[in-house]
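Coordinate analysis (summary)
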Amino acid sequence: MADSVHVKGLDALQKLLDTLPVKLEKNVMRGGLRAGMNVVKPVAASNVHSISGELAAGLRVSSSARGNVVRGILRAKGIHGYVAMWVEFGTRAHLIKVQESEKPINLRLSARRGVLTRASMTTINRNVLKIGNTFVGPTVNHPGSGPKKFMRAALDSQAQNAVVAAGEYIKKRLATKEGLDTADIVIEGVES
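The structure contained in this document is the topic of the report that follows. (Residues numbered from 1 in each chain as written. Predicted model: local features only at pLDDT ≥ 70, side-chain atom pairs only at ≥ 80, totals over all residues. Heavy atoms only, no water.)

This brings us to a nonpolar patch on the surface. A grouping of Ile-79, Tyr-82, Met-85, Trp-86 and Phe-89 is seen on the molecular surface, where their side chains present a nonpolar patch of about 590 Å² in accessible area. Tracing the chain through its elements places Trp-86 in helix α4 (residues 79-89). Judged by relative accessible area, which is 38%, Trp-86 ranks as partly exposed. (Patch = residues over 30% accessible without salt bridge, like charges linked within 9 Å, V, L, I, M, F, W, Y side chains within 5 Å. Areas by Shrake-Rupley, 256 points an atom, 1.4 Å probe, with all protein chains shown as cover. Salt bridge = Lys/Arg side-chain N within 4 Å of Asp/Glu carboxyl O. Helix = DSSP H or I, 4+ residues; strand = E, 2+ residues; numbered from the N terminus. Buried < 20%, exposed > 50% of the residue type's maximum accessible area, 1.4 Å probe, protein only.)

Enumeration over the complete set of coordinates arrives at one salt bridge. For Arg-152, the salt bridge identified is with Asp-156, shortest N-O distance 3.2 Å. With a gap of four residues between them, Arg-152 and Asp-156 both fall in helix α7 (residues 150-176), about one helical turn apart. Judged by its relative accessible area of 45%, Arg-152 is partly exposed.

Let's shift gears to the nonpolar core. Val-40, Ala-44, Val-48, Leu-55, Leu-59, Leu-74 and Phe-150 are the most contacted members of the largest nonpolar core, which totals 16 residues. Breaking this core down by element, the ones donating at least two residues are α2 (22-49), α3 (53-57), β3 (69-76), α4 and α7. The element contributing the most residues to this core is α2, with five residues. (Core = buried A, V, L, I, M, F, W, Y, C linked by side-chain atoms within 4.5 Å.)

Among the residues of α4, His-80, Ala-84, Val-87 and Glu-88 are the ones counted as buried. The buried residues of α4 occupy an angular sector of 90° when the element is viewed end-on, so they sit on one face. Among the exposed residues of α4, those pointing more than 90 degrees away from its buried face are Ile-79, Tyr-82 and Phe-89. Contacts made by the buried residues of α4 are with α2, α3, β3 and α7. Positioned one or two residues after α4, Gly-90 has a phi angle of 80°, which is positive. (Arc of directions from axis to C-beta. Contact = heavy atoms within 4.5 Å.)

Shown next as structure tokens:
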């Protein structure tokens, strides 16, 4: 792994970027940052795959631009985003129980009593609080879990490669789509 990145012709690259309209410059930078994050994504996926193959498959690369700030983003989408935080940072020991508001409404009892009536814990336990085919009761004392830094480890190990990939994307995009001469710009990882 390279410890640093050397860019020969950085001043020339900056001059090229300065000649572009702001919107185009942001689009070029967004594409470059996505290219960099695409280097990090497979490492993050392999780091977490043994814990959750679904979480690994749910990783997505995107970018955003607000004001003068452009970001490359690697995140877990949908329900995976909710779980990714627990895996990355771990959880403390906690009690899991069905909240009153989460209990389904018992339509038959509600109609008979004339007031909204929720299902009993016996009914809930038959339908909800099972792990596999094992009944676990109305509450579960979860022991918590330690952090598994799959995203941070991936970024740390691939940071220099991501920067090189982003630079190469920007160089290629400026040459092919904008017709700018980028031949003097060399981007490479440097061992220190």
